[in-house]
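Observations on the model geometry
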Amino acid sequence: MKLLSVVVPCYNEEENIALFYEEFIKNQPYFAKRGMEFEMIYVDDGSKDHTREEIRKLHERDSRVRMISFSRNFGKEAGLLAGFEHTRGDYIVAMDVDLQDPPALLPEMFSYIDEGYDSVATRRVTRKGEPPLRSFFARCFYKLMRHISKTEIVDGARDYRLMTRQVVDAILSMKEYNRFTKGIYGWVGFETKWIEFENVERIKGETKWSFWKLLLYSLEGIMAFSTVPLSIAAFVGICFCVIAFAAMVLIIIRTLIWGDPVGGWPSLVCIITLVAGVQLFCIGIIGQYLAKTYMEVKGRPIYIVKEEL
Ligand code: UDP
Ligand code: MG
């Protein structure tokens, strides 16, 4: 009998825990037909509401429901990692608890696994119900990523993925502290089938991602999967050297021909501030990478478990 492990990160989702379970369990006839069992691992990411109690209630009703509870909020990436590390299944699927990743897609996803794909990924083709500004920036981010990173990161990709044990073991072999799961999925490779669906709005509660949080997250993604900003810094430096050299030659020639009337301090001030700005900007970029390296070198655990069911 094959086992499917479902990893569900939750942060302040008391209203959704049971709803998700009810929706997921609708696949039971399909699982029975396949001769497959499942285990559901809710990862409580340091919730401040009754998420833990809700999961505990479910666990008492159905022992296939498990819980890993963090000592504080470590973020969704840490939740996914903890979930993956605790899975025992032959197949692993990661899903959001707010039902934005419809469990009804699972039979279709399994049909591709049966065809021989190692992983079946989902992307939403619409962003209906999302603030337009957020969609716009999301699109820009994916476009930029496609150009500056060798790892494929697909627009609208969700973390909703069905994977074989082999793929998850590959993901777990990546021990980095600054985790950007969408990039990690692409980085490990394997045959991936993409299926598309219309955006679904979350059933209850609020999104946990403010615009600011998403912006920081996207910067994290860029730095984790691309060193192009460093090259840009170097390139800008070279450009400025070339411009300075050309200006030097021009000024020498001009002085030899027309002499050297004093003046031009405003232009000097402009140049000095511009160059200082560019320098600080480049140092800032280098600093960001250094900061990431610092966090990696510290080798801190990515999450701390307080309770396990
Ligand atoms: N989540 C989490 N830790 C966090 C933030 C979010 O585990 O710090 C979970 C959340 O409970 C949900 C999933 O990650 O199951 C996606 O979050 P959300 O629905 O808020 O994001 P969105 O779908 O709006 O991108
Ligand atoms: Mg959501």
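The present account deals with the structure reproduced in this document. (Residues numbered from 1 in each chain as written. Chains lettered and ligands numbered in written order. Predicted model: local features only at pLDDT ≥ 70, side-chain atom pairs only at ≥ 80, totals over all residues. Heavy atoms only, no water.)

Description of the pattern of salt bridges
For side chains bearing opposite charge, pairing can occur when the charged atoms are close. Counted only if it meets this: Basic side-chain nitrogens of Lys or Arg form a salt bridge, by our definition, when they fall within 4 Å of a carboxyl oxygen of Asp or Glu. A run of H or I in DSSP counts as a helix once it spans at least four residues, and a run of E counts as a strand once it spans at least two, with each numbered from the N terminus. Burial here depends on accessible area, computed with a 1.4 Å probe over protein chains only, as a share of the maximum for the residue type. Under 20% is buried, over 50% is exposed, and the range in between is partly exposed.
If you walk through the whole model with that rule in mind, you get 17 salt bridges. Arg 34 is the salt-bridge partner of Asp 114, the closest N and O atoms lying 2.9 Å from each other. With a gap of 80 residues between them, Asp 114 in helix α5 (residues 106-115) and Arg 34 in helix α2 (residues 28-34) connect regions that are remote in the sequence. The partly exposed category is assigned to Arg 34, whose relative accessible area is 27%. With its nearest N and O atoms 3.2 Å apart, the salt bridge here joins Lys 57 to Glu 54. With a gap of three residues between them, Lys 57 and Glu 54 both fall in helix α3 (residues 51-61), about one helical turn apart. A single salt-bridge network, built from bridges that share partners, covers Lys 76, Asp 96, Asp 101, Arg 158 and Asp 159.

Quick notes on the coordination of the magnesium ion (ligand 2)
Note the following rule: Here the term donor refers to an N, O or S atom within 2.8 Å of the metal (or 3.2 Å for Na, K and Ca), and because water is left out of the atoms, sites may appear incomplete.
Note on the magnesium ion (ligand 2): its protein donors are Asp 98 (OD) and Gln 100 (OE1). The metal-donor distances range over 1.9 Å. The exposure class of Gln 100 is buried, given its relative accessible area of 15%.

A short note on the site of ligand 1
Spelled out, the test is: We call a residue near a molecule or strand when any one of its heavy atoms sits within 4 Å of it. As used in this structure description, the phrase polar contact means that two N or O atoms lie within 3.5 Å; if the pair is within protein, one of them must be able to donate a hydrogen and the other to accept it, and residues adjacent in sequence are counted only when both atoms belong to side chains. Calculation of accessible area relied on Shrake-Rupley with a 1.4 Å probe; when residues are assessed, cover is drawn exclusively from the protein chains displayed. For this scheme, ten residues count as nonpolar: Ala, Val, Leu, Ile, Met, Phe, Trp, Tyr, Cys and Pro. Four count as charged, namely Asp, Glu, Lys and Arg, and the remainder, Gly too, count as polar.
Around ligand 1, a shell composed of 18 residues is seen, among which Glu 13, Asp 45, Asp 98, Gln 100 and Thr 207 lie nearest. With respect to ligand 1, the side chain of Asp 45 contributes an N or O atom lying 2.6 Å from a nitrogen atom. Contact between ligand 1 and Gln 100: an oxygen atom at 2.6 Å from a side-chain N or O atom of the residue. Calculation on ligand 1 without its partners gives an accessible area of 530 Å², and the protein chains cover 92% of this total. Tallied by class, the residues present in the shell around ligand 1 amount to five nonpolar, four polar and nine charged.

In short, the description is geometric, and any link to function would need to be established separately.
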